[in-house]
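So the chains spell out like this:
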Amino acid sequence: TYLVPHISKSFHNSVEFQKYLFDWNPRERTSVILTDFSDYGNAGASVSPRNAVSVYIAPSNRTLETLPGNERTFMIMNHEMTHVATMDVANEQDLRWRRFFGGKPRQNDRHPESILYNYLATPRLSAPRWYQEGSATFVETWMSGGIGRAQGAYDEMVFRSMVRDDAHFYSNLGIVAEGSSIDFQGMVNAYLYGTRFMSYLALEYSPQQLVDWLKRGEDSERYYAKQFEHVFGLSLEDSWDQWIVFEKAFQQSNLTAVREHKLTTTRPLVSQALGSISRSFINEEDGVMIGAFRYPGVVAHIGLMSLQSEEIEHITDIKGPKVYPVTSPAYDPESNTFFYTDDNNAYRDLMAVDVVTGKKSMLIKDARIGDLAFNSIDKSVWGLRHLNGYVSLVRIPPPYTEWNQVHSWPYGQVAYEMDISADGTLLSLSLGEIDATQFLRVY
């Protein structure tokens, strides 16, 4: 309940902006549902049959700064209400169909004809995921004064790396199929490609033309691709190809600047790309790296990677891995015990596995604790617990079946990526503030 006034104000601020930007005249209220069903923040929006937004109030995942932004409720409302506005916005033709159907029919796989009904009443709902997420992420960044994923370092790094490696760029249709199914980033690619393409259009043409594409005026085309041609004067496919040419030239210029500086000499340990790898630990005696791995074609797992060969020995599977951090790990080298988390997209379980025998055990079910760190002095595991939108520092002493609360930060301060010094006297972590600034703290 403490979040309701803040949620409400952020919601109304966003609604007023969306009404102004897209000439949106909402004819129904939007339901906002607050839940705490996951240890990481997320949200979703729907307009069929009714306008609704559901919000997971937990802190956002900060790994690799894939989600830069200021206060998360403000960001979520701006993002999700862009979805609602761009999917619910209607001209008189759409409104006549809504009156005919008595609302906005929702698609149902048992009644394929409902796809047509849905398209007639809410045509902009029938658009690919990259269109929906690209527009919402672009506007989310716009409404935050430029702080957001559209200008984030992770997105920039992805496309710069793709150009450096001469990687394949998916087409606007390819990203919907292959790009979001076989690539290790999965559906995240819809955000990456969509946001980058929207940013290119705003730069090459203007933000107003981008908005005109997303609008549903009386003279607009029903289908999103036809509307693109109506606004920009060329096909979506041709513009997408032009963006790829632009992106490659833009990133080659960046790479030239990077190459002016001498790079540290590196030695690849494996020839194949391993997708996402958790924080890992070196066992010098055995010559292995212990960590969690997640890449296409293989179930996410805890493994031992040889530092001399390319072999990765499978230890145990991970239930419910995250896209980028995979899991929250800690390691006790003396007992050769690897602590990690299962159900990382829900309520995290605290797990432990014997690296030698592969025997694993659940220590605390639904602990909701992550960012683990091991104190080698007293053998305790420390972690950060998420509950009701707050982050708390907790200590878990042996035998690791109970946790003790040490400190809770106020709402808006998000601690993450923790570690403990070898002598057990210092604890370090990153702390994100409510205004998007981030600091390294040492306690």
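Just so it is clear, the structure is predicted and the values come from calculations on it, not from any experiment.

(A) Examining the side chain of E133 more closely. Within the secondary structure layout, E133 lies in helix α5 (residues 129-143). If we skip the residues at most four places from it in the chain, E133 touches H79, H83, A190, Y191 and T195.

(B) Broad picture of the pairing of strand β6 (residues 288-295). Judged by how many residues are buried, β6 sits mostly within the fold: seven of eight residues are covered. Both strand β4 (residues 276-277) and β6 contribute to a ladder of two bridges, which runs antiparallel. When the bridges of β6 are listed, I277 appears paired with F293. Sheet analysis places strand β5 (residues 281-283) next to β6, joined by three bridges and oriented antiparallel. Its bridge partner being in β6, I282 is matched across the sheet by M289. The hairpin formed by β5 and β6 contains four residues between the paired strands, and G287 there has a positive phi angle of roughly 65 degrees. Joining the antiparallel neighbours β6 and strand β7 (residues 298-306) is a turn of two residues, in which G297 adopts a positive phi near 85 degrees.

(C) The arrangement of the environment of S54 in detail. If you trace the backbone, S54 turns up in strand β3 (residues 52-56). Looking at S54, the relative accessible area reads 33%, which means it is partly exposed. Considered as a pair, S54 and Y400 are 346 residues apart in the sequence and their alpha carbons are 34 Å apart. Sequence-distant contacts of S54, that is, excluding residues within four places in its chain, are made with I33, N42, A43 and G44.

(D) Broad picture of the side chain of D332. In this fold, D332 is placed in strand β9 (residues 330-332). Despite its burial, D332 pairs with no opposite charge, the nearest such side chain being K379 at 4.0 Å. A distance of 2.6 Å separates polar atoms of two side chains, one belonging to D332 and the other to S335. With residues near it in sequence (within four places) discarded, D332 still touches T337, F339, F374 and K379.

(E) How the structure looks around empty space enclosed by the protein. Scanning the entire structure with this criterion turns up three cavities of 30 Å³ or more. Of the pockets and cavities examined, the largest cavity occupies roughly 70 Å³. What lines the largest cavity is simply S60, R62, N70, E71, R72, G412, V414, E433 and I434. Split into classes, the residues belonging to the lining of the largest cavity amount to two nonpolar, three polar and four charged.

Conventions used here
- Residues numbered from 1 in each chain as written.
- Predicted model: local features only at pLDDT ≥ 70, side-chain atom pairs only at ≥ 80, totals over all residues.
- Heavy atoms only, no water.
- Helix = DSSP H or I, 4+ residues; strand = E, 2+ residues; numbered from the N terminus.
- Contact = heavy atoms within 4.5 Å.
- Buried < 20%, exposed > 50% of the residue type's maximum accessible area, 1.4 Å probe, protein only.
- Pairing = 2+ DSSP bridges.
- Lys, Arg positive; Asp, Glu negative; His and termini not counted.
- Salt bridge = Lys/Arg side-chain N within 4 Å of Asp/Glu carboxyl O.
- Polar contact = N/O pair within 3.5 Å; in protein donor to acceptor, adjacent residues only side chain to side chain.
- 1 Å grid on protein atoms, 1.4 Å probe; cavity = no way out; pocket = protein on both sides within 12 Å on 5 of 7 lines; lining within 4 Å.
- Points joined across faces, edges and corners; volume = space filled by probe spheres on them.
- Nonpolar A, V, L, I, M, F, W, Y, C, P; charged D, E, K, R; others polar.

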